[in-house]
Amino acid sequence: MNVHHSVAAALTAAVLVTAAAAPARAQEHLLSLGVGMSTSISAPGMTRVAVGDASIAGVVPTGAQLLINGKAPGRTTIAIWAAAGRLDYEIVVTDPGLDAVEQAIRQAIDIPSIRVSQAPGTILVRGTVPDNTQQLHVNDVLTRFAGYAKDKKVSFVNAVTVADPLGELHAVLARDPLTSQVRVEGDGSGNIVVGGSVHDRAEAEAVLARVRSLAGRNLTAEGKIVDRMSTDTTTQIAIKVNILEIDRTGLKQLGISLQGATPDPNNPGSFTLGNPTFVAVEGSGANIPALNVAPFFRLTRLAPTLDLIVQSGHARILSSPDLVTSPGQEASFLVGGEIPYAFSSGLGQVSIVFKEYGVKLQMTPTLLGNGTVETKIAPEVSDLDFQDGVNLQGFTVPALKTSKLSTDIVTRDGESVVMGGLLRRIEQRNINKIPLLGDLPILGKLFRSTQYRSSETDVVFVMTPDVIVR
């Protein structure tokens with residue numbers, strides 16, 4: 001027992017010695033003065049002084065007083081050891097020329113959580129605001145002082161942050177039944193990430209369109225809406241493509257002629273188009289133009305019209321592929337082939353590269369929020385051209401005659417689109433001659449004949465996208 005009491009007494013003595021040896025907690029003070037100005041503080045029993053940055057503030061001990069001189073704008077600390085203990089001072093040295101504008105900025109912002117201070121040649125604005133509205137207010141205030149800053153060669157540093165930058169967007173989305181179960185978050189790089197679960201891809205696109213319309217100032221100039229939503233169903237787009245080569249007669253049968261029409265006074269639902277009179281398919285009344293008939297005939301009679309043109313010999317089907325792809329993914333096909341091209345890849349070295357030719361089509365369908373399909377289409381038709389080819393070591397490398405276009409269209413589910421204008425011109429020269437006699441230098445022309453044949457057709461693409469949900 002005596003041993004235990006001795007150990008306890010020793011531990012108590014050690015604690016008391018440690019507590020007595022611990023220095024008193026330093027007292028902290030804030031002191032502000034301008035460049036070239038001085039102030040003094042009382043420090044009775046002062047034994048030592050330390051300055052953090054002597055280029056900002058200088059100290060001169062004078063008995064029981066300490067004289068502090070402001071040298072350059074900035075912030076530093078001064079530690080004083082005196083009889084009463086250690087005293088710590090945070091010294092803020094300001095530029096007298098910027099004091100007035102600093103005070104004006106502080107009063108104009110008038111937000112308790114925002115601090116305005118000075119650094120050499122800089123006014124620093126920092127703090128945290130609850131939403132983007134107050135951040136825009138700070139930005140607007142600093143913009144108004146931009147002219148003064150330029151004249152005085154002073155820069156503003158806006159270090160204000162927003163506690164919840166998407167707070168307003170969260171509230172708006174929560175009130176919308178379409179987006180009430182959707183989560184939006186910032187990724188720290190100016191992008192907005194949209195998450196959650198929706199029924200199908202069309203609903204997901206509608207949600208993205210809604211978020212994009214509400215993002216506003218929450219989205220930076222380089223920011224994007226990042227889709228991280230999952231769908232309960234799988235959506236794909238099936239594209240039926242018919243590629244036909246049609247002559248001029250077939251094109252006239254496929255097209256329509258637009259003429260002026262006047263309402264029939266005896267029958268408001270009819271229009272007089274020269275002779276005869278036709279009945280309007282959609283609606284009635286004198287203010288309905290004749291062009292209202294166009295969508296009806298295009299949707300119901302396009303396929304039979306194409307079949308009739310093919311059967312009559314005015315067109316032939318080059319290809320009829322069925323493509324299936326996911327929304328936003330490219331689908332392509334090629335009807336033709338590849339031709340080798342030789343080119344010099346170095347001194348005495350020849351390399352071969354293959355180039356595609358024929359009928360080529362690239363499509364990228366995207367499903368929109370209202371159920372329609374937006375498709376980027378780039379058809380291309382190319383043929384070999386030996387007449388403009390290049391002779392290379394006794395071989396003729398043909399050139400390529402190319403017709404191509406690109407467009408972006410929006411169609412309803414199951415609606416067909418016809419694209420034409422890609423002309424294909426073929427010129428042929430057939431030489432008939434009597435063997436041996438037709439090759440004579442001068443008299444050979446008497447024993448041979450030349451026939452020229454040229455044809456011009458139009459390659460027409462008929463595309464029908466269908467949305468598949470499963």
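Look up a bit, the structure's there.
Residues numbered from 1 in each chain as written. Predicted model: local features only at pLDDT ≥ 70, side-chain atom pairs only at ≥ 80, totals over all residues. Heavy atoms only, no water.

1. Some remarks on the overall build of the protein
Step number 1: Secondary structure summary: the protein contains eight helices and 26 strands in total.
Step number 2: Expressed as a percentage of its 470 residues, the buried residues of the protein come to 31%.
Step number 3: Considering only residue pairs separated by 6 or more positions, the protein has 60% of its internal contacts joining residues 24 or more positions apart.
Step number 4: As displayed, the protein offers around 28400 Å² of accessible surface, 54% of which is attributable to carbon and sulfur atoms. (Helix = DSSP H or I, 4+ residues; strand = E, 2+ residues; numbered from the N terminus. Buried < 20%, exposed > 50% of the residue type's maximum accessible area, 1.4 Å probe, protein only. Contact = heavy atoms within 4.5 Å. Areas by Shrake-Rupley, 256 points an atom, 1.4 Å probe, with all protein chains shown as cover.)

2. A word on the sheet that holds strand β10 (residues 155–162)
In sheet architecture, strand pairing relies on hydrogen bonds along the backbone and comes in two forms, parallel and antiparallel.
Step number 1: Pairing in this open sheet of three strands is mixed, and the strands run β8-β9-β10 from one edge to the other. The open sheet has two edge strands with one neighbour each: β8 (114–119) and β10. Mean inter-strand twist for the sheet, computed between neighbouring axes without regard to direction, equals 15 degrees.
Step number 2: Where β8 meets strand β9 (residues 122–129), six bridges bridge the pair, whose relative direction is antiparallel. Bridging across to β9, Gln118 finds its partner in Ile123.
Step number 3: Sheet contacts for helix α3 (residues 132–144): β9 and β10; angle to β10, the most-contacted strand, approximately 175 degrees. (Pairing = 2+ DSSP bridges. Axes fitted to C-alpha atoms, helices over the stretch in contact; angles between N-to-C directions.)

3. With respect to the pattern of salt bridges
Step number 1: Enumeration according to the criterion identifies 11 salt bridges in this entry.
Step number 2: With a shortest N-O distance of 2.9 Å, Asp88 and Arg86 are connected by a salt bridge.
Step number 3: The buried category is assigned to Asp88, whose relative accessible area is 19%.
Step number 4: For Arg86, a relative accessible area of 34% gives the class partly exposed.
Step number 5: Across the pair Glu356 and Lys360 runs a salt bridge, and its minimum N-O distance is 3.0 Å.
Step number 6: Taken together, the salt bridges that share partners define one network made up of Arg201, Glu205 and Asp227. (Salt bridge = Lys/Arg side-chain N within 4 Å of Asp/Glu carboxyl O.)

4. Digging into the side chain of Asp385
Step number 1: Looking at the element boundaries, Asp385 is found in strand β22 (residues 373–392).
Step number 2: For the buried Asp385, no salt bridge is present, and the opposite-charge side chain at shortest range is Lys401, 4.4 Å distant. (Lys, Arg positive; Asp, Glu negative; His and termini not counted.)

5. Some remarks on the side chain of Asn191
Step number 1: Within the secondary structure, Asn191 sits in the loop between β11 (183–186) and β12 (192–198).
Step number 2: By relative accessible area, which is 18% here, Asn191 ends up buried.
Step number 3: Within polar-contact distance, the side chain of Asn191 engages the backbone nitrogen of Lys224 at 2.8 Å. (Polar contact = N/O pair within 3.5 Å; in protein donor to acceptor, adjacent residues only side chain to side chain.)

6. Regarding the packing of aromatic side chains
Step number 1: Considering all chains together, one arrives at zero aromatic pairs under this definition.
Step number 2: The ring of Trp81 carries Arg48 above its face, with NZ or CZ at 3.9 Å from the centroid. (Phe/Tyr/Trp six-rings, centres within 6.5 Å; stacked < 30°, edge-to-face > 60°. Lys NZ or Arg CZ within 6 Å of the ring centre and 35° of its normal.)

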